[in-house]
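# Breakdown of the fold
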Amino acid sequence: MNKRSSGVLLHITSLPGVEGIGTMGRNAFQFVDFLVESEQKLWQILPLGPVGAGNSPYQCFSAFAGEPLMIDLELLKDEGLLTAEDFDLLPKFFHTRVEFGKVRKWKLELLGKAFLNFREHKFYRYADEYNYFLNEHGWWLHDYALFMAAKEHFGPVSWHEWDNDFKLRKQEALNRLGQQLSKETDFHRFLQFLFFRQWFALKKYANDKGIEIVGDVPLYVSGESADVWANTDIFLLDGELEPMNVGGVPPDYFSETGQLWGNPVFDWKRIKARDYDWWMARLYFNLNFFNLVRIDHFRGLESYWAVPAKEKTAINGMWVLAHGGEMLAKLQSQLGELPLIAEDLGIITPEVEKLRRGFKLPGMKVLQFAFTTDAANEYLPHNYARDFIVYTGTHDNNTTLGWLQSVQGDEKSMVENYIGKIDNESLSKVVEMAMASVANTAIIPMQDVLQLDGKSRMNTPGTATGNWGWRFQWKQLKPGQKKFLKNLTRKYNR
């Protein structure tokens, strides 16, 4: 990350295609080709896990599993696990947004057919590869597959409401449940086998073309996850295994009442007593999955905002020290240089900054935050150091065009002081500010490459519905936009 480079932020689900959601198939490979053509070096994505309620990739059923909806069915057809006839009843999906419920119903039925073909006819083709996958990933996959099968078996309730024998993971009960749900657990193992096969084929293609993939690891995991169910001792839970405190952040740029995420917080004393084994496994796993790993809410490795679980907002919390520094030191002693990125947005103390700099991790700068105060604003490019990644905006921001169209008052005056009166050229000027900055890396969201307004926003923090569904279409990508990105990349030595 010490050389100048640039890339594009786009989640897999936002890719075009006929399956109602972006997948790891032909369009993903075509996107890599676009990055190569425009001389980019990085493709940044969001977390890849199986999403729960609200479809947020930051609230997943597992910190290790992949989202089955990203599996490309056309590739399964090419391998003989599905037939052309299986696509005869392809629903009419929106091209611009993911209809998660509709897509899930259709795709899981076809994935079920692929599973039956796999078991009955095609297993011999994958036998060695499949058994190797099970052996390599059994340490997390067994619990995940059983958790997902049990969720389907017990119905739409949290695992906290399962009978105590299953909730408390009594071994005899788990063995009995595993036998009862053997076909269902095998199905979830199979889905992960497919996901991993397709992912690593895509990653290899990207890497062979000179494109590195930047992954994203949320600091917290969902309370409704196999991770918490199988590792209750490393979270601060009460006698009923309910969270005592939950994660979030105090009032900030995005919300006057803070952000209340609801995730159980870690018991760092217990994690330290376990020699950081779960966290180390998680980091090694992701460093194998991606070329670079962004740690979302990095400041929570130094201290985290703990909110009593019964609170309705994040206002009444307190900062609690974590042991992330010791954990990173352990990782550094084994790896040397850490290929990590610190998402250090929000309330950053000198202690957090010391932690980031101590491990030589690049931090983040967001141009949409740069105009709220004065010329000393840390997000303005003239105040950057090199060890940062600059973004016009992130998945949590409005698109830059949407932001420019909505900015008002003193903030608007500040913007116009830097780029002139807001007009049709303003978006290009903001993108160029990012590319021209001294920050070693510049990342531009695909929405800004395509010059899209706020209707194409990915997520609005603090809102529970209507997020994460945006998709683009190839016809939106104009030759002039590709040329603009390529020219800026050359002009500013990225």
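Residues numbered from 1 in each chain as written. Predicted model: local features only at pLDDT ≥ 70, side-chain atom pairs only at ≥ 80, totals over all residues. Heavy atoms only, no water.

### Quick notes on unusual backbone geometry
A positive phi angle, near 65°, is found at Asn-55, a position not held by glycine. With respect to the helices and strands, Asn-55 occurs in the loop between β2 (42-44) and α2 (73-78). Positioned with a positive phi, Gln-451 is a non-glycine residue whose angle comes to about 60°. For Gln-451, the position within the fold is in the loop between α15 (446-449) and α16 (479-491). With relative accessibility at 40%, the residue Gln-451 sits in the partly exposed group. (Helix = DSSP H or I, 4+ residues; strand = E, 2+ residues; numbered from the N terminus. Buried < 20%, exposed > 50% of the residue type's maximum accessible area, 1.4 Å probe, protein only.)

### What to know about the side chain of Arg-189
Residue position: Arg-189 is located in helix α6 (residues 182-208). Overall, Arg-189 belongs to the buried group, its relative accessible area being 16%.

### Brief notes about the nonpolar core
One finds Trp-43, Trp-199 and Met-446 to be the most contacted residues of the largest nonpolar core, which totals 156 residues. Here the element with the most residues in this core is helix α3 (residues 100-154); it accounts for 19 residues. (Core = buried A, V, L, I, M, F, W, Y, C linked by side-chain atoms within 4.5 Å.)

### Quick notes on the packing of aromatic side chains
Counted according to the given criterion, the structure contains 53 aromatic pairs. The interplanar angle of 75° and the centroid separation of 5.4 Å between the aromatic rings of Phe-369 and Tyr-379 together place this pair among those described as edge-to-face. Linking Phe-369 in the loop between β10 (363-366) and β11 (388-391) with Tyr-379 in the loop between β10 and β11, this pair joins segments that are 10 residues apart in sequence. The pair formed by Phe-369 and Tyr-379 is uniform in burial state, with each residue classed as buried. One Lys or Arg, Lys-77, reaches over the ring of Phe-87 and ends 5.5 Å from the middle of that ring. In this arrangement the basic side chain of Arg-169 is found over the ring face of Trp-229, its NZ or CZ atom lying 4.4 Å from the centre. (Phe/Tyr/Trp six-rings, centres within 6.5 Å; stacked < 30°, edge-to-face > 60°. Lys NZ or Arg CZ within 6 Å of the ring centre and 35° of its normal.)

### A word on α6
Here α6 spans 39 Å end to end across 27 residues, near enough to the 39 Å set by a 1.5 Å rise per residue. In the stretch just after α6, Gly-210 is the one whose phi turns positive, near 85°. (Expected span 1.5 Å × (residues − 1).)

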